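Below are the chains, spelled out letter by letter.
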Amino acid sequence: MTEQQNLVRDISDTALWVAYFRARETQRPDGLFRDPYAEKLAGPKGYEIAAKLPDGDKHEWAWVARTYLFDEFMAREIREGADLVINLAAGLDSRPYRIDVSPNLQWVEVDLPQLVAYKEEVLANDKPKCKLERISLDLSDRDARRKLFAKWNSEAKKIAVMTEGLLIYFTPEEVASFARDLAEGEHFVSWVIDLASPFQLKLMQSNMGKQLDQAGAPFKFGPAEGAEFFRPCGWVPKDVQGFLKTAAKFNRAPAELLSLLPEPKGPMTRYPWTGIARLQKQ
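Here is a short report on the structure shown in this document. By convention here, each chain's residues receive numbers from 1 onward along its written sequence. Totals for whole chains, interfaces and linings use every residue, but because this is a predicted model, local features are given only for residues with pLDDT of at least 70 and side-chain atom pairs only at 80 or more, for both listing and counting. To obtain the side-chain values, all non-hydrogen atoms of the structure were included, while hydrogens and water were left out.

### Some remarks on the environment of Gln27
And then number 1: Relative to the helices and strands, Gln27 is located in helix H2 (residues 11-27).
And then number 2: The contact partners of Gln27, leaving out residues within four places of it in the chain, are Glu39 and Tyr47. Going along the chain from the N terminus, every DSSP run of H or I of four or more residues is numbered as a helix, and every run of E of two or more is numbered as a strand. Every residue pair with non-hydrogen atoms within 4.5 Å of one another is taken to be in contact.

### Re the packing of aromatic side chains
And then number 1: In this analysis, rings of Phe, Tyr and Trp, with Trp reduced to its six-membered ring, are considered paired at centre separations within 6.5 Å, and the interplanar angle assigns stacked below 30 degrees, edge-to-face beyond 60, and tilted for intermediate values. Under the defined criterion, the tally for this structure stands at 18 aromatic pairs.
And then number 2: Between Tyr20 and Tyr47, the aromatic rings sit 4.9 Å apart at their centres with planes inclined by 85°, giving edge-to-face as the arrangement. Residue Tyr20 is found in helix H2, and its partner Tyr47 is found in helix H3 (residues 38-52); the two are separated by 27 residues along the sequence.
And then number 3: Summary of the burial criterion: residues with accessible area below 20% of their type's maximum are buried, those above 50% are exposed, and those between are partly exposed, where the area comes from a 1.4 Å probe applied to protein chains only. Take Tyr20: its relative accessible area is 6%, and that puts it in the buried class.
And then number 4: Here Tyr37 and Tyr97 contribute two aromatic rings whose centre-to-centre distance is 5.5 Å and whose plane-to-plane angle is 55°, an arrangement assigned as tilted. In this pair, Tyr37 sits in the loop between H2 and H3 while Tyr97 sits in helix H5 (residues 95-98), placing the two residues 60 residues apart along the sequence.

### Digging into the side chain of Glu164
And then number 1: Take Glu164: it is sitting in the loop between strand S4 (159-163) and helix H8 (172-183).
And then number 2: Note on Glu164: relative accessible area 12%, which makes it buried.
And then number 3: Two N or O atoms form a polar contact when they lie within 3.5 Å of each other; inside protein one atom must be a possible hydrogen donor and the other a possible acceptor, and for residues adjacent in sequence the pair counts only when both atoms belong to side chains. Within the local environment of Glu164, its side chain forms a polar contact with the side chain of Arg66, the two groups lying 3.4 Å apart.
And then number 4: Apart from the residues lying within four places of it in its own chain, the contact partners of Glu164 are Arg66, Thr67, Phe70, Leu88, Ala89, Arg95 and Asp194.

### Some words on the pattern of salt bridges
And then number 1: When a carboxyl oxygen of Asp or Glu lies within 4 Å of a side-chain nitrogen of Lys or Arg, that pair is called a salt bridge. This model, assessed by the stated rule, comprises 25 salt bridges.
And then number 2: As a salt-bridge pair, Lys40 and Asp126 come within 2.6 Å of each other at their nearest N and O atoms. In this pair, Lys40 is assigned in helix H3 and Asp126 in the loop between helix H6 (113-122) and strand S3 (131-136), connecting sequence segments 86 residues apart.
And then number 3: Judged by its relative accessible area of 38%, Lys40 is partly exposed.
And then number 4: Here Arg95 ties to Asp71 by a salt bridge, and the two come within 2.6 Å at their closest N and O atoms. Of this pair, Arg95 sits in helix H5 while Asp71 sits in helix H4 (residues 60-79), and the two are 24 residues apart along the sequence. The same class applies to Arg95 as to Asp71, namely buried.
And then number 5: Connected via shared salt-bridge partners are Arg22, Asp35, Arg66, Asp71, Asp93, Arg95, Arg98, Glu164 and Asp194.

Structure follows, in structure tokens:
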């Protein structure tokens, strides 16, 4: 295998890459957020991936917009009374350490065992701002995740879920199953997700797709219906924000992409769109 093929060995390495972008934005005097944990979470490997992969840091604007929007959306969920935040496929997210939350808020992170172990080692001497629990689980294990969902539903009254960078690795059938499983719990009231249009999915598959295919993590999900995909599964889209529009607002968007604004109305089958949606339980 070539050096580039060895850079992203599995899906866990993509979390190091994401942390690298958060570290870069944190270093800017006009940064949209501050993540003092990102640099050590990224580690040398995260910086190496960005430096050596083709276009490894070309799309920094999109990663920054994604982090900013998730920050904003989740802060709103907490302000509106969520008593349990569940971050599924949490990766190397540091929000329980860096955003303003009540010390009484319950926050649960779920991810693969190797990621959880790495994160606990790196952040061993840091204290979260709320009650944080980490659980090791492969979320493709439906029986195991359903047991967890039922447990949480019995323990909290208003649950906000986030899945950042997860659904794109599932097939549409797997995403629909996942959505229905979440919708079964009466106390699961909101879900914040990121999405790509079918056209953007193809672009991503042709660019980063080869490295991720070799790492066993191909891109699969980019529904033509956009956030409306989730309505038959029990979830109604309430707020949808695009990465490019957000990046342009804060002067982060590349000049060559500004011609794509404003975003078209309706289905974005032929438009390179990525963004975030807040879904509310029906």
